[in-house]
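Listed below are the residues making up each chain.
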Amino acid sequence: MPSSNPTLIGTAGGTFLSVLPNLHSEDVLRTVLLAAIGAIVSFVLSMILKFVVKKHRK
């Protein structure tokens, strides 16, 4: 059953507005901090693995 774009937008908007009052600034800050740490760790590990693979192929 195909769904229309306004229905999807309305559902997403309603979900966001129902969650919004339950969000606290500490939760948002913690989420942003954990996402940043995860991105940094992922980047560093991919650089290390790239270096190891290059070294191993020689």
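Shown above is the structure to which this text applies.
All values reported here derive from a predicted model rather than from experimental measurement.

**As for the pattern of salt bridges**
Two side chains with opposite charge may pair up if their charged atoms get near one another.
Move 1: Going through the model one piece at a time under the given rule, you end up with 1 salt bridge.
Move 2: Ionic pairing is found between Arg 30 and Asp 27, a salt bridge with its closest N-O pair at 3.5 Å. Taken as a pair, Arg 30 and Asp 27 lie in helix α2 (residues 25–57) at a separation of 3 residues, close to a single helical turn.
Move 3: Classification of Asp 27 by relative accessible area gives partly exposed; the value is 30%.

**A closer look at a nonpolar patch on the surface**
Move 1: Together, Leu 33, Leu 34, Ile 37, Ile 40, Val 41, Phe 43, Val 44, Leu 45, Met 47, Ile 48, Phe 51 and Val 52 line one region of the surface with nonpolar side chains, adding up to about 1200 Å² of accessible area.
Move 2: When you line up the elements, Ile 40 lands in helix α2.
Move 3: For Ile 40, a relative accessible area of 54% puts it in the exposed group.

Cut-offs and rules
- Residues numbered from 1 in each chain as written.
- Predicted model: local features only at pLDDT ≥ 70, side-chain atom pairs only at ≥ 80, totals over all residues.
- Heavy atoms only, no water.
- Salt bridge = Lys/Arg side-chain N within 4 Å of Asp/Glu carboxyl O.
- Helix = DSSP H or I, 4+ residues; strand = E, 2+ residues; numbered from the N terminus.
- Buried < 20%, exposed > 50% of the residue type's maximum accessible area, 1.4 Å probe, protein only.
- Patch = residues over 30% accessible without salt bridge, like charges linked within 9 Å, V, L, I, M, F, W, Y side chains within 5 Å.
- Areas by Shrake-Rupley, 256 points an atom, 1.4 Å probe, with all protein chains shown as cover.

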